[in-house]
Each structure stands twice: as structure tokens, then as C-alpha cells.
Amino acid sequence: MDIFSKIAAGDIPSYKCAESDNFYAFLDINPLVKGHTLVIPRREVDYVFDMEDEEIAAFQVFAKKVAIAIKNAFPCKKVAEVVLGLEVPHAHIHLIPMQNEADVDFRKEKLKLTDEEFKAIADKIYTEFIKG
């Protein structure tokens with residue numbers, strides 16, 4: 001079981017933003033901006049484009065609902081969707097609230113947030129997701 005599967009299963013703590021039977025969304029612990037969220041399938045699959053057509057379609061619909069919740073919780077011009085990352089062999093999407101393209105520069109210094117800040121951010125997104 002990879003680290004993202006352990007997070008989705010609750011074996012490793014995370015800042016949950018949304019979930020369904022098949023997908024899970026949680027805050028990136030090295031965020032570019034407040035609200036930077038990862039969306040994963042609960043099923044272990046290494047590469048987004050290895051997912052079956054129906055699964056990837058459902059994944060995108062779930063990600064859209066999370067993106068709407070993020071935009072409502074953290075007003076921004078758009079929520080960027082980025083498929084990037086080789087560190088964890090588990091398909092994932094980064095959803096990043098953005099005011100400009102510089103907000104999606106993965107080379108810039110990451111935010112340092114407290115546990116309380118992470119919890120407050122995740123709670124805001126989760127609340128908006130539930131309203132959805």
C-alpha cells in the first residue's frame with residue numbers, strides 16, 4: 001500500500017477536504033498557496049492516464065466539485081488543475097487556487113503553515129464541498 005492509499009484509508013493523518021467511495025481530497029502538506037489540494041483515486045493506480053475511461057471521467061467530475069469548493073472557500077480567479085509528480089506512484093491531481101500563473105510555479109518556496117492553519121483551510125473547503 002503506497003502513502004496516498006494509507007492517507008485515504010486513514011492510516012496516515014491528513015487534512016481532509018472531500019471524499020467519496022472512490023476518491024479522496026486532502027491538503028498538500030507543502031502548499032504553493034492556501035487551499036492547494038491533492039485529489040486521488042482510492043484505487044492504487046500509478047498514472048492518471050492508466051485509469052479506465054469511466055474512472056477518469058468520474059475522477060474529473062469529483063475534482064471539479066472539489067475545485068468549486070476551493071474557489072468558494074478561497075476566492076480566486078481560477079483553480080488550476082495540474083497533473084505533476086513522480087515522487088509517489090499514485091495518480092493525483094493538484095488543485096491550486098490562483099490569482100495569477102505565478103501561483104502555480106512549483107519551483108517557488110512552499111508555504112509553512114501551522115496545524116491550526118491547515119485544519120482551518122481543510123474545514124473551509126470541506127464545508128463548501130458538503131454544501132455543493
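In this report, the structure presented in the accompanying data block is examined. (Residues numbered from 1 in each chain as written. Predicted model: local features only at pLDDT ≥ 70, side-chain atom pairs only at ≥ 80, totals over all residues. Heavy atoms only, no water.)

Digging into helix H3 (residues 115-131)
Inference 1: In this model H3 runs 24 Å from its N-terminal to its C-terminal C-alpha over 17 residues, within 8% of the 24 Å that 1.5 Å per residue would give.
Inference 2: Among the residues of H3, those classed as buried are Phe118, Ile121, Ala122, Ile125, Glu128 and Phe129. Buried residues in H3, looked at end-on, bunch into an arc of 125°, giving them a common side. Facing away from the buried surface of H3 by more than 90 degrees, the exposed residues are Glu116, Ile130 and Lys131.
Inference 3: Buried-residue contacts for H3 involve strand E1 (16-19), strand E2 (23-27), strand E3 (37-41) and helix H2 (53-73). (Helix = DSSP H or I, 4+ residues; strand = E, 2+ residues; numbered from the N terminus. Expected span 1.5 Å × (residues − 1). Buried < 20%, exposed > 50% of the residue type's maximum accessible area, 1.4 Å probe, protein only. Arc of directions from axis to C-beta. Contact = heavy atoms within 4.5 Å.)

Overview of the layout of surface pockets
Inference 1: As a volume, the largest pocket reaches approximately 470 Å³.
Inference 2: In terms of lining, the largest pocket is formed by 22 residues, of which the most central are Phe4, Asp28, Ile29, Asn30 and Leu38.
Inference 3: The set of elements that each furnish at least two residues to the lining of the largest pocket consists of helix H1 (3-9) and E2.
Inference 4: Per element, the largest residue contribution to the lining of the largest pocket is three residues, and it comes from H1.
Inference 5: In the lining of the largest pocket, the residues fall into 13 nonpolar, six polar and three charged. (1 Å grid on protein atoms, 1.4 Å probe; cavity = no way out; pocket = protein on both sides within 12 Å on 5 of 7 lines; lining within 4 Å. Points joined across faces, edges and corners; volume = space filled by probe spheres on them. Nonpolar A, V, L, I, M, F, W, Y, C, P; charged D, E, K, R; others polar.)

Details of the sheet that holds strand E5 (residues 93-98)
Inference 1: Strand order across the open sheet formed by five strands is E1-E2-E3-E5-E4, with antiparallel pairing between neighbours. Strands at the two margins of the open sheet, each flanked by one partner only, are E1 and strand E4 (78-82). Between one strand axis and the next, the sheet turns by 20° as a mean value, whatever way the strands run.
Inference 2: Sheet analysis places E1 next to E2, joined by three bridges and oriented antiparallel. Counted as the bridge partner of Ala18 is Ala25 from E2.
Inference 3: Seen against the sheet, H2 touches E1, E2, E3, E4 and E5 and runs at an angle of roughly 155° to E3.
Inference 4: Seen against the sheet, H3 touches E1, E2 and E3 and runs at an angle of roughly 25° to E1. (Pairing = 2+ DSSP bridges. Axes fitted to C-alpha atoms, helices over the stretch in contact; angles between N-to-C directions.)

A look at the pattern of salt bridges
Inference 1: For the structure shown, the criterion picks out seven salt bridges.
Inference 2: Across the pair Lys119 and Asp115 runs a salt bridge whose closest N-O atoms are separated by 2.9 Å. Of this pair, Lys119 and Asp115 both sit in helix H3, four residues apart, which is roughly one turn of that helix.
Inference 3: Among the residues examined, Lys119 registers a relative accessible area of 44% and is labelled partly exposed.
Inference 4: For Lys131, the salt bridge is made with Glu128, and the minimal N-O distance between the two is 3.3 Å. Placement of both Lys131 and Glu128 in helix H3 is noted, with a separation of three residues, approximately one turn of the helix.
Inference 5: Relative accessible area serves as the criterion here: at 17%, Glu128 is assigned to the buried category.
Inference 6: Taken together, the salt bridges that share partners define one network made up of Lys16, Glu19 and Arg42. (Salt bridge = Lys/Arg side-chain N within 4 Å of Asp/Glu carboxyl O.)

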